[in-house]
Structures are given as C-alpha cells and as structure tokens.
Protein chains: 2
Amino acid sequence: MTENAGYGSAGVGFMDGAFMALSELRLPVTDMGFQLADMCYDAVHVWKGRFFRLDDHLERWQRSLVQRRFDTLGYDRDAVARVLHGCVARAGLTESMVTVIATRGSPATAHKDLRTCQNRLVVWAVPFSAVVSAEELETGCDIVIAETVRIPPEAVDPTVKNFGRLDFVQALFEAYDRDARYAVLLDRDGFVTEGRGWNIFALRAGELLSPDRGVLEGMTRRTVLELSAALNIKGRLGRMGADDLRGADEVFLTSTAGGIMPVRSIDGRPVGDGQPGPVTARLKDMYWRLHDDPAYTTPVRYEPAEA
Amino acid sequence: MTENAGYGSAGVGFMDGAFMALSELRLPVTDMGFQLADMCYDAVHVWKGRFFRLDDHLERWQRSLVQRRFDTLGYDRDAVARVLHGCVARAGLTESMVTVIATRGSPATAHKDLRTCQNRLVVWAVPFSAVVSAEELETGCDIVIAETVRIPPEAVDPTVKNFGRLDFVQALFEAYDRDARYAVLLDRDGFVTEGRGWNIFALRAGELLSPDRGVLEGMTRRTVLELSAALNIKGRLGRMGADDLRGADEVFLTSTAGGIMPVRSIDGRPVGDGQPGPVTARLKDMYWRLHDDPAYTTPVRYEPAEA
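Only a predicted model underlies this, so the values are computations on that prediction, with no experimental measurement involved.

Trainee: Just checking my understanding: could you explain the pairing of strand E7 (residues 120-127) of chain A for this structure?
Mentor: Working note: regular strand, side chains alternate between the two faces of the sheet. All names here are of chain A. Counting buried positions along E7 yields seven of eight residues, so the element is predominantly enclosed. As paired elements, strand E1 (residues 12-15) and E7 share four bridges and run antiparallel to each other. Opposite Phe 14, over in E7, you have Val 123 as the bridge partner.

Okay, here's the thing in structure tokens:
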C-alpha cells in the first residue's frame, strides 16, 4: 500500500473535452462548482487493473445528476465511462482512485442565474490511496467524536456526494488538536453520522451497526452489509448513539479510498483491546478477495478501442 | 447600472504571484478550497474609482483567516490590499466587484492532512454587478421562503464567508420552480436567516429588523443600521419569523453586490402595495451618497506606486 506521496504530481485528468496531466487540471473560478460547491461527484477505484463496482458508482452518480438538476452535461453514461477508462489508461495505473465530477458550470451573466450554466464534466485518475495511512490500515487509526455537528439533510442532501464539507474541515481541526487525525460527526440530536469520505461501523454483541440517515450511502458500506450476510453476522442500518461507538467491540471505517479501515481508539480510549478485531480482519480479507470477482469488477481498457 | 452581461469575460485576477485575465484564472482541482470548500472570502466594491469600506472588509476577512486557521498565506494585510488595487487598476474599472479569497491549498500527500497545505491567495476584479437585475433594483424583486433549511452555525459558521452553499443552490431551484429568482432560508426553528450573498431587512411599525444569528454579518447590513440611526428609525438585530417578513410594510435585501435592493413580493404575495417603500428609497439614496464620503472610501491606486 502506498504512503500516498506527492498528491497531484501524478495522474491524468479530463475537462472540456481534453485529457491532460493532473497538474494542469484547473477549474475556472467562475464555475459555480467552486463558488457555490454546486457539484456532485463519485469516487471509484481500480485494483489489479479492474474497476470495482463501476456500474454501481455510475448509477449513484447519475442519480445525483438528476437530483442536482444537471441537465446540460453533454455526456451520457457510456461517454462518461470512456473518459474514466481513458484517464486510468493514460495514467498507466493498475491501482487507482478515479474521481468523476459534474459541476454547474459558469453562468452566462454576473447575475448568476443557475439555469444559464453549461454543466461541466471533470474527471481525474491518481495512484490508489487510502483515507488513512498505510500503517493505520494495519494497526488501526485514532478518531475523535467532534463537537462540530454534521450539516443536516434538511439543508444539504448527504446522499448526493459533494464537496461542501466545511463541517468536516472544522471537525478535522478538532481531531488534530486532540492528537488524532480523523473525526466522526454527530447530528444535532446526538446520533452518529460519518466522517470526511467514510462511513462508520460498530460491532456490538455480534451485530454490525452503521448509521441509516444523514450519511452518504457508501458503496463500501453496501459491500460490507452484503459480506456480513455471507458471514452470518447480522448487519443493519439504524440510529447509532455515541455510546454505541464507545462501547463497541470493534469499530471500522469504510471508504472506496482504503476499503475497511480499523479504528483503534475513540477520544483517546481504546476500542476493544486496542487491536483490530477478528470480524474486521475477516471482512477486510473478503472485501479484497471480491476484487478478483468478475461480478464486481470491470477490466480497464488500457488499449484504445477500435474506431 | 449594468445588466451584468458576460460574466467572466472581463476582469483581472491574481493567483500564485501573478496577475492574469479572469478568463485564465483557474484553481488547481487538488486545492482543498475546491475539494472541501475549505476557503474563506470577502467581497468589496469600487464605485467612482473608490473602494467602499475597504478596511472593514479586510478586517473581517482577516478574522476569517484566523478562524479558518489559514496560517501559511504569505501575504500580510498591506500586501493583500496592493493585490486588490492591482486587479482593479489593471482591469481599468471605476465600478467593480472585487473578490478576495484564501483557500487551504493542495496537500503534500494523497492522505490530505490539512496541516500540510500551503494556503493560497486568489483575487479577482470584475465590472460592478448587483445580486438582482437592473430592473429589479428599481421595481423590486420576487422572493420565496424556501423549504430548504439554512446550514446551521453548529455545522458551519456563517460569519466566515464561504462557498459551501449547497443549501442556497437547493433553495434557488425552489424559487425558480415558483416563478421567483431569489430565496430566503429559515433555520430549523423556523427563524429567517439569509439568501445567497445577501441579508434581509423588514420594516414593521416603523422599526427595521434583521436576523441576528445564523447569518453573515454583512457590511451593507452594518451600514444600514448606521444609516437608520441617522434617520431616527429604530434598527435592530433579533429573531425574525416568517410572519415578520410576510406582514412587513417594506422588505429589502442588502449586499455589497447591489447595496439596498427592494423586495416587491414574497411567495407571490405583494409586500405593502407591491412598490418599493419610502424608507427603502431613503436608505438607498443615503447609502449611495456615502460613496463620496472619504471616511467610508479609499481611492483606487490606478498608477503603479513609486518604487
């Protein structure tokens, strides 16, 4: 697993009809994707030369396009998939994180009526990386439960993956100030939601629980629920209090960027015995084995298709 | 007043130490200012060749830098002011909107620890424009009270001006669907907050009221409170319900982008007699006369300073 060195120095991007080095991929500041965070995105990964759950990611992203009312993107699903293949192929990566974004685009006049914008497709592929460090993937990571409250669904729909993440930013600085590197946020009623780019699971009394509302419906979260069924472990979505986390036998984060990532402490107190637990290890192993399964994967087209 | 044609086609920007045409001003997609909306900004305007309340804007922006913990910007207040003058001068504008932004910058590694980012200064100056159209400045604009709830202060501090505005985006589409062009948002408890880029005032029984919490502490809002005191009209900040708006004699929006802008209808029902009211007109007149007052204004340095 890489230590994620040099973010942005390697990779290939696509915007306004052209492929380019990621270092040259720059968004016009007039794009409402910047000025209003008016965008939606998805992140899919490539492992051993194969996309993982590509169709599921594109389906979710396309639902986001509809919810965000991006009507003028000008790329259908097949065209978008070709751009994803093209970025990974041009970057020459067999392990990659791929980001696919739609932005509102730039308005026709300074009045900034959003209906006058031409939506924009932005894609990039970089070397695979995890939310946590290589060491933390093995030993577990330290998280805090933030005082900062998650942006509520009544204000911004969290199932439409987006970059309007100032709540996460504030929470991350809380973590840094408390000798941790990651933060999970509660909602205003005190229920657990998610962190920057990940869902969270707790194992208690043999049952896996993850929050059912106020969160992204993560693809790795879905995969874990499927795998737990195969393991005969009851996995369910529901309300989760901070005490459900603190009293758990095992806790892990899930993300396309890293898969299943054990948590070893919460607010400075160890989870279980402070070592990644057996269920976490078992799920992690099963998760990575799925990457060889043709039902879950799509080979990257590294050679240009015939015309 | 301009009809705001051709947003982004005219103007001068500054980033990474260089001035450039606004059309060339593009933010690296690796900047957390895009990926997390991890940025803060301010907007100041130039009228008849003079900045309005430049020191007050820069003071607010610098407080935002501290709150957002942007420690590595590399430009002190005088240096930032020089860039603002430089953009307006190079654009040759006597009436201009100037945006000054700090972003978190790009992280050193894909792990995206925010403490590894080099903060970035981004500035641009464009021809002056208002939130509403030239016609609406005269006749009043139509707004709706949105169902979408404003992002609460416990999640993101609204006094730190930022681009994490998906709640406004959602609310604007509610307005478009209801034959209006602007939306004001309530908080979860039903109290009025603000709209995209503006505060709101209601005049009832001779008293001016504007929300005291969950909003940007706008510079035009502050100016209106100062002017109302001079007019012997009681102006105050406090909780404002939707009925305070609906039952008002006059309603107006305030923004650096346009000043004092009358509202003629709310949810399709006229405010007062549907015409901009006398207090609004009086305040508007006083507001624009302040732009000749040296105590409120700073002449743009159109000629390069002597070395």
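Trainee: Explain the packing of helix H2 (residues 54-67) of chain B against helix H3 (residues 77-91) of chain B to me, please; I cannot follow it from the model alone.
Mentor: Two quantities define a packed helix pair, namely the angle between the helix axes and the distance between the axes. Residues and elements named next belong to chain B. At their nearest, the axes of H2 and H3 sit 11 Å apart, and the two run at 125° to each other. Comparing their axes, H3 and H2 come out oblique. Of the two elements, H2 crosses H3, and the hand of that crossing is right-handed. The segment H2 lies against H3, with Leu 54, Asp 55, Leu 58, Glu 59, Trp 61 and Gln 62 engaging Arg 77, Val 80, Ala 81, Leu 84 and His 85. Residue composition of the contact of H2 with H3, by class: six nonpolar, two polar and three charged.

Trainee: Would you mind showing me how to read the pattern of salt bridges here?
Mentor: Close approach of charged atoms allows side chains of opposite charge to pair. All names here are of chain A. Going through the model one piece at a time under the given rule, you end up with 54 salt bridges over all chains. For Asp 16, the salt bridge goes to Arg 120, with nearest N and O atoms at 2.9 Å. Highlighted residues: Asp 16 in the loop between E1 and strand E2 (18-21) and Arg 120 in strand E7, separated in sequence by 104 residues. Accessibility expressed as a relative area gives 14% for Arg 120, which makes it buried. In this structure, Arg 178 engages Glu 174 in a salt bridge whose closest nitrogen and oxygen atoms are separated by 3.9 Å. Looking at Arg 178, the relative accessible area reads 36%, which means it is partly exposed. According to the relative accessible area criterion, Glu 174 is buried, its value standing at 13%. Overlapping salt bridges, with partners in common, bring together Glu 174, Arg 178, Asp 243, Arg 246 and Asp 267 in one network.

Trainee: Sorry, what's going on with empty space enclosed by the protein here?
Mentor: Here the idea is plain: a probe the size of a water molecule rolls over the atoms and shows the empty space left. Taken as a whole and assessed by the stated rule, the structure comprises eight cavities of 30 Å³ or more. For the lining of the largest cavity, the elements supplying multiple residues, two or more each, are strand E4 (39-47), strand E6 (96-103), strand E7 (120-127), helix H5 (166-177), strand E9 (182-186), helix H6 (219-230) and strand E13 (250-255) of chain B. In terms of residue class, the lining of the largest cavity is made up of 24 nonpolar, 14 polar and ten charged. Taken as a whole, the second largest cavity encloses approximately 640 Å³ of empty space. Going through the elements one at a time, strand E4 (39-47), strand E6 (96-103), E7, helix H6 (219-230) and strand E13 (250-255) of chain A together with helix H1 (32-35) of chain B are the ones with two or more residues in the lining of the second largest cavity. In the lining of the second largest cavity, the residues fall into 19 nonpolar, 13 polar and nine charged.

Trainee: Even after reading the chapter, I still don't get the sheet that holds E7(B), so can you show me in this structure?
Mentor: Strand pairs in the sheet, formed through backbone hydrogen bonds, run parallel or antiparallel to each other. Residue and element names in this part refer to chain B. Strand order across the open sheet formed by seven strands is E2-E1-E7-E6-E4-E5-E16, with antiparallel pairing between neighbours. The open sheet is flanked by strand E2 (18-21) and strand E16 (297-299), the only strands paired with a single partner. Each strand axis lies, on average, 25° off the axis of its neighbour in the sheet, ignoring direction.

Trainee: Teacher, can you tell me more about unusual backbone geometry here?
Mentor: The phi torsion of most residues other than glycine is negative, and most of the peptide bonds are trans. Residue Lys48(A) is not a glycine yet carries a positive backbone phi of 50°. Checked against the element boundaries, Lys48(A) lands in the loop between E4 and strand E5 (50-52). Despite not being glycine, Asp267(B) has its phi angle at roughly 50°, a positive value. Inspection of the secondary structure assignment puts Asp267(B) in the loop between strand E14 (259-266) and strand E15 (269-270).

Trainee: Help me out: how do you make sense of the domain arrangement of chain A in this one?
Mentor: Many analyses report the size of an interface as the accessible area lost when the parts associate. Residues and elements named next belong to chain A. Considered domain by domain, chain A is made up of domain 1 (12-127) and domain 2 (134-276). Averaged C-alpha coordinates put domain 1 and domain 2 at centres separated by 26 Å. On the domain 2 side, the residues contacting the 18 residues of domain 1 number 17 residues. If you sort the residues of domain 1 by the area they bury against domain 2, Tyr 41, Arg 53 and Arg 60 come out on top, with a joint share of 41%. Residue Arg 53 pairs with Glu 226 through a salt bridge whose shortest N-O separation is 3.1 Å. Counting across the interface, domain 1 meets domain 2 through six residue pairs in polar contact (both at pLDDT 80 or more). Looking at the side of domain 1 that touches domain 2, the elements with two or more residues in it are E4, helix H2 (54-67) and E6. The leading source of residues in the side of domain 1 that touches domain 2 is E4, at seven residues. Residues that form the side of domain 1 that touches domain 2 fall into these classes: nine nonpolar, four polar and five charged.

Trainee: Can you walk me through the sheet that holds E1(A) in this structure?
Mentor: Residues and elements named next belong to chain A. Across the sheet, seven strands lie side by side as E2-E1-E7-E6-E4-E5-E16; this open sheet has antiparallel pairing. For this open sheet the edge positions go to E2 and strand E16 (297-299), each flanked by a neighbour on one side alone. On average, each strand axis in the sheet is tilted by 25° relative to the strand beside it, whichever way the strands run. Of the strand pairs in this sheet, E6 and E7 are connected by eight bridges, and their pairing is antiparallel. When the bridges of E7 are listed, Ala 102 appears paired with Leu 121.

Trainee: How do you make sense of the relation of the copies chain A and chain B when you look at a structure like this?
Mentor: Mapping between the two copies of the chain is achieved by a rotation about an axis and a shift along the axis. For the pair chain A and chain B, the best superposition has an RMSD of 0.0 Å and corresponds to a rotation of 180° with a translation of 0.0 Å parallel to the axis. Both copies of the chain, as the preceding transformation shows, are related through a two-fold rotation axis. Taken together, the interface assignments show that 100% of the residues at the interface of chain A recur at the interface of chain B, consistent with an identical surface on both copies.

Trainee: Honestly, the interface of chain A and chain B in this entry has me stumped. Any pointers?
Mentor: Contacts between chain A and chain B engage 67 residues on the former and 68 residues on the latter. Carbon and sulfur atoms make up 61% of the surface buried where chain A meets chain B, a total of about 6000 Å² over both sides. Summed over the shared surface of chain A and chain B, the number is six salt bridges. With its nearest N and O atoms 3.3 Å apart, the salt bridge here joins Asp189(A) to Arg188(B). Along the contact surface separating chain A from chain B lie 30 residue pairs in polar contact (both at pLDDT 80 or more). For the side of chain A that touches chain B, the elements supplying multiple residues, two or more each, are strand E3 (26-28), helix H1 (32-35), E6, E7, strand E8 (141-149) and helix H5 (166-177) of chain A.

Trainee: When you look at the packing of aromatic side chains in this model, what are you seeing that I'm missing?
Mentor: The relation between two aromatic rings is expressed through the spacing of the ring centres and the mutual angle of the planes. With the rule as written, the count across this model stands at 24 aromatic pairs over all chains. Here Phe128(B) and Trp288(B) contribute two aromatic rings whose centre-to-centre distance is 6.2 Å and whose plane-to-plane angle is 80°, an arrangement assigned as edge-to-face. Taken as a pair, Phe128(B) in the loop between E7 and helix H4 (134-139) and Trp288(B) in helix H8 (residues 278-289) lie far apart in primary sequence, 160 residues in all. One aromatic cluster in this structure is built from Trp47(A), Phe52(A), Phe128(A), Tyr287(A), Trp288(A) and Tyr296(A).

Trainee: So what exactly am I meant to see when it comes to the environment of Asp179(B) here?
Mentor: Residues and elements named next belong to chain B. By the element assignment, Asp 179 lies in the loop between H5 and E9. Take Asp 179: its relative accessible area is 73%, and that puts it in the exposed class. Spatially, the C-alpha atom of Asp 179 lies 8.3 Å from that of Asp 142, the residues being 37 residues apart in sequence.

Calculation rules
Residues numbered from 1 in each chain as written. Chains lettered and ligands numbered in written order. Predicted model: local features only at pLDDT ≥ 70, side-chain atom pairs only at ≥ 80, totals over all residues. Heavy atoms only, no water. Buried < 20%, exposed > 50% of the residue type's maximum accessible area, 1.4 Å probe, protein only. Helix = DSSP H or I, 4+ residues; strand = E, 2+ residues; numbered from the N terminus. Pairing = 2+ DSSP bridges. Axes fitted to C-alpha atoms, helices over the stretch in contact; angles between N-to-C directions. Parallel < 35°, antiparallel > 145°, perpendicular 65-115°, else oblique. Left-handed = near helix turned anticlockwise from the far one by under 90°. Contact = heavy atoms within 4.5 Å. Nonpolar A, V, L, I, M, F, W, Y, C, P; charged D, E, K, R; others polar. Salt bridge = Lys/Arg side-chain N within 4 Å of Asp/Glu carboxyl O. 1 Å grid on protein atoms, 1.4 Å probe; cavity = no way out; pocket = protein on both sides within 12 Å on 5 of 7 lines; lining within 4 Å. Points joined across faces, edges and corners; volume = space filled by probe spheres on them. Domains from an automatic or database assignment. Buried area = accessible area lost by both parts, 1.4 Å probe. Polar contact = N/O pair within 3.5 Å; in protein donor to acceptor, adjacent residues only side chain to side chain. Least-squares fit on C-alpha atoms with pLDDT ≥ 70 in both. Phe/Tyr/Trp six-rings, centres within 6.5 Å; stacked < 30°, edge-to-face > 60°.

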